[in-house]
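# Structure assessment
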Amino acid sequence: MRNDGPPPGRTDRTMRSGDFSAHVAHEILVRLRERQPRVHAITNAVAKNFTANMLLAAGAVPSMTIVADEVADFTRRADALLVNLGTLDTERRAAIPLAIAAAEDAALPWLLDPVFVDASPRRLAIAQQLLARKPKVLRANAAEFEALARRPADRKGAIDLARERGCIVALTGPTDIVTDGRHSIFIANGHRLMARVTAMGCAATAVVAACLAVSDDALLATASGLAIMGIAAEVAGEKAGGPGTFPPLLLDALDALDDAAIAARLRCEQ
Amino acid sequence: MRNDGPPPGRTDRTMRSGDFSAHVAHEILVRLRERQPRVHAITNAVAKNFTANMLLAAGAVPSMTIVADEVADFTRRADALLVNLGTLDTERRAAIPLAIAAAEDAALPWLLDPVFVDASPRRLAIAQQLLARKPKVLRANAAEFEALARRPADRKGAIDLARERGCIVALTGPTDIVTDGRHSIFIANGHRLMARVTAMGCAATAVVAACLAVSDDALLATASGLAIMGIAAEVAGEKAGGPGTFPPLLLDALDALDDAAIAARLRCEQ
Amino acid sequence: MRNDGPPPGRTDRTMRSGDFSAHVAHEILVRLRERQPRVHAITNAVAKNFTANMLLAAGAVPSMTIVADEVADFTRRADALLVNLGTLDTERRAAIPLAIAAAEDAALPWLLDPVFVDASPRRLAIAQQLLARKPKVLRANAAEFEALARRPADRKGAIDLARERGCIVALTGPTDIVTDGRHSIFIANGHRLMARVTAMGCAATAVVAACLAVSDDALLATASGLAIMGIAAEVAGEKAGGPGTFPPLLLDALDALDDAAIAARLRCEQ
């Protein structure tokens, strides 16, 4: 599963699905820092601050308003939209369709993160309606995937859902599966402390949103976002004294991440 | 006031009110890590992220939604419910009775943290209605206790309120008083930096909620939660450079807390 | 632009506009720690936790509720009011006029922080209505200032707006301009990492609110708040490993800030 960086002769290719490598992930990260894309993040109350800081550490510029008469204005000036269903209060629920409509009008990529749909029938129904509006990327953990897709949370399930829905599926876990239904990328980066801190998955999806804003290849952008996040987590996890010092160190690591660290640490298969 | 761990011959007893000791607190902590209880925390906007991370560091699994058509589903699948009245917005206010009803149906323990009832007559009235619904534990500081109980915030006041209401009263301060009206436990752990960081009391009550989920003895569970929190704060306070580095180190310390540290540091009387 | 502390013979003067110095900023900080003023902060969802902790680190006591039937009670018992328009949801929008009315009744200073008015016509209209209610201080960055003032974001624009509106204008950037229309103070403290973390400007305005609560000279109080924040950021920035470890270290630095550090680091012109 280890991939010690791009093989000779591949680093100079134009990005193309099926060609995921440390070079691609680094190129996306460089673009984030240069272009500073705006990400409008409609996300849950627990994750807002950490998500904003993860986006800033990645090079992006966050905005987070959810009120009905402003959300379209903020979305239209953004470069990508994140729709996260955690702690789905009434005002955010009303904002989401307005933001998606604005994203569609402006031809922006938008991502769906159906947090805890396995815990609430009402939220599951909302997530199913949103999935029908064709997000560019669906990011879910195993429990959320199974509830939403009514399929096993495995490679075949992810590929089938991606084909059926025409979107990228990112099924995250010890190994992340990223697939558009034709090509699949498997990423085994990350650190055990990620599961000990709230909003890590939410923030990872936000970083993926930023990556989508700087690449036309949504599969490579999604894989890059998850790889960058997982590698920064490994760097931080080696220094952290526990789940409290881990998030600040993760932000530091993401901010400082370079091509050498990505090449040395990327563990992927495709 | 210092208690250098459990005396000989007591460490192997079954937990029973009146038998609080470092051994009991450690046993509760071990259960948290093994059973990973779910805590549904209806808490204030300022405290959400830190509370979720404190619960995770203690071994528990947080959820935090407040919307009316989801809160009962989340409560029913939890093992304990926290009701915190800080920044009590309209949606949360509507959610609380629904969550309490779900907790009653599912026979879950629930806790009341009447934040700042001394500052708002409206909130005080809500807190009095909620107290009448018989939480398992009421946690308050002196100002909140006096406003809610209309009694002095002292040992006698706490015991009288516990008897009158049939709940555990945890009156927190330099020395925490934990009483069911018959037995009382006094815990003198903690660190001065706890008062310099927002949401520390809110997070402590959340940790108590997690402890209630793994013990049938609510008095010992409450005392254990406060002791664990106070001892972790002492460990963190010795390393912290101030109120900013203290919370991450507190999470690290709670995650790493072991029987030796609890035995060496517990300061309690009963 | 560097000012190596107060010149001889100035340190013992009573505070008076036009006399800004390290001594003045330190005196305000000492008062914050002694008087522990209450600041009711109506602020955005992303900034709440960090703002509360910055206020506590400065010596102040935060409250943050926004519900209509409580916000006046909380404001009346406070010593200053912050009105921040970030993520301006419906409930907060309704609370703001009630809080301002309570502040006016109680003769409290209140500050306006028109976050992202450049991004939303609706929010800009709200900010213009609020500016007409005469805040003691308006704090804005260049983009927000230009949208709200319809003037260039420069020294002349700030002075003209301050005269027209009869308030202190704090136009923040690499050099902060603080003016009441007659006297102007220019502060060049700060650290590049401030722009890499969310809610830094929001928290700075909150610290200014606390300073207003302990000084009758709003110009000196505003300059002091921004200088204190900028100097603490420099201390923290020298130790931080990146944007993640920077905020905890900033809180530590603000808590520990002393007259020597202020005198050595203040960079101002007037």
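Residues numbered from 1 in each chain as written. Chains lettered and ligands numbered in written order. Predicted model: local features only at pLDDT ≥ 70, side-chain atom pairs only at ≥ 80, totals over all residues. Heavy atoms only, no water.

### Some words on the UniProt feature "binding site: substrate" (unreviewed entry) in chain A
UniProt annotation of "binding site: substrate" (unreviewed entry) refers to M64 and A199 of chain A when read in the numbering used here. Summarising the element assignment, M64 of chain A is placed in the loop between β2 (61-63) and α3 (71-76). The buried category is assigned to M64 of chain A, whose relative accessible area is 5%. When sequence neighbours within four positions are dropped, the list of residues in contact with M64 of chain A reads H40, A41, T43, K48, T51 and A52 of chain A together with V46 and T87 of chain C. Here A199 of chain A is to be found in the loop between β8 (184-187) and α8 (200-212). Relative accessible area serves as the criterion here: at 10%, A199 of chain A is assigned to the buried category. Apart from the residues lying within four places of it in its own chain, the contact partners of A199 of chain A are A47 and F50 of chain A. (UniProt positions renumbered as here; feature names shortened; annotations may be inferred. Helix = DSSP H or I, 4+ residues; strand = E, 2+ residues; numbered from the N terminus. Buried < 20%, exposed > 50% of the residue type's maximum accessible area, 1.4 Å probe, protein only. Contact = heavy atoms within 4.5 Å.)

### Some points on the packing of helix α8 (residues 200-212) of chain B against helix α9 (residues 218-239) of chain B
Residue and element names in this part refer to chain B. At their nearest, the axes of α8 and α9 sit 8 Å apart, and the two run at 135 degrees to each other. Judged on the interaxial angle alone, α9 and α8 are oblique. Judged by the twist between their axes, the crossing of α8 over α9 is right-handed. Between α8 and α9, the residues in contact are M200, A203, A204, V207, V208, C211 and L212 and A218, A221, T222, S224, G225, L226, I228 and M229, respectively. Residues that form the contact of α8 with α9 fall into these classes: twelve nonpolar, three polar and no charged. (Axes fitted to C-alpha atoms, helices over the stretch in contact; angles between N-to-C directions. Parallel < 35°, antiparallel > 145°, perpendicular 65-115°, else oblique. Left-handed = near helix turned anticlockwise from the far one by under 90°. Nonpolar A, V, L, I, M, F, W, Y, C, P; charged D, E, K, R; others polar.)

### Some remarks on the interface of chain A and chain C
Opposite the 23 residues of chain A that make contact, chain C presents 23 residues. Buried surface at the junction of chain A and chain C, both sides included, amounts to about 1,900 Å², of which 54% is carbon and sulfur. Among the residues of chain A in contact with chain C, L56, E70 and D252 of chain A are the three that bury the most area, contributing 24% of the side total. Between the two partners, chain A and chain C, sit five salt bridges. The salt bridge involving D118 of chain C is made with R77 of chain A; its shortest N-O contact spans 3.8 Å. Summed over the shared surface of chain A and chain C, the number is 14 residue pairs in polar contact (both at pLDDT 80 or more). Among the elements of the structure, α2 (48-58), β2, α3 and α10 (246-256) of chain A are those that each provide at least two residues to the side of chain A that touches chain C. (Buried area = accessible area lost by both parts, 1.4 Å probe. Salt bridge = Lys/Arg side-chain N within 4 Å of Asp/Glu carboxyl O. Polar contact = N/O pair within 3.5 Å; in protein donor to acceptor, adjacent residues only side chain to side chain.)

### Quick word on the nonpolar core
Of all hydrophobic cores here, the largest spans 71 residues; its most connected members are F20, M54, I187, M229, F246 and L250 of chain A. With sequence-adjacent residues up to four places away left out, M54 of chain A is seen in contact with A203, V207, M229, L250, L251 and L254 of chain A. Within the second largest apolar cluster, 70 residues are counted, among which are F20, F50, L55 and M194 of chain C. (Core = buried A, V, L, I, M, F, W, Y, C linked by side-chain atoms within 4.5 Å.)

### Digging into the interface of chain B and chain A
Listed by partner, the interface residues are 23 residues for chain B and 23 residues for chain A. Overall, the association of chain B and chain A removes approximately 2,000 Å² of surface from exposure, summing both partners, and the carbon and sulfur fraction of that is 54%. Taken together, the connections running from chain B to chain A amount to five salt bridges. Across the salt bridge formed by D69 of chain B and R93 of chain A, the nearest N and O atoms sit 2.9 Å from each other. One can count 14 residue pairs in polar contact (both at pLDDT 80 or more) joining chain B with chain A. Within the residue set of the side of chain B that touches chain A, elements represented by two or more residues are α2 (48-58), β2 (61-63), α3 (68-76) and α10 (246-256) of chain B. Broken down by element, the side of chain B that touches chain A gets its largest block of residues, six residues, from α2 of chain B.

### Here we look at the relation of the copies chain B and chain A
Mapping chain B onto chain A leaves a residual RMSD of 0.0 Å; the transformation is a rotation of 120 degrees accompanied by 0.0 Å of translation along its axis. Seen this way, the second copy is the image of the first under a three-fold rotation axis. Closest approach to the rotation axis within chain B is made by the C-alpha atom of A45 of chain B, at a distance of 4.2 Å. (Least-squares fit on C-alpha atoms with pLDDT ≥ 70 in both.)

### Regarding the sheet that holds strand β9 (residues 268-269) of chain A
Residues and elements named next belong to chain A. With mixed pairing, the nine strands of this open sheet are ordered in space as β2-β1-β3-β4-β5-β6-β7-β8-β9. The sheet is open, and its two edges are formed by β2 and β9, each paired on a single side. One ladder, built from three bridges, connects strand β1 (residues 38-42) with β2; its direction is parallel. In the sheet register, V39 faces β2, and the bridge partner there is P62. (Pairing = 2+ DSSP bridges.)

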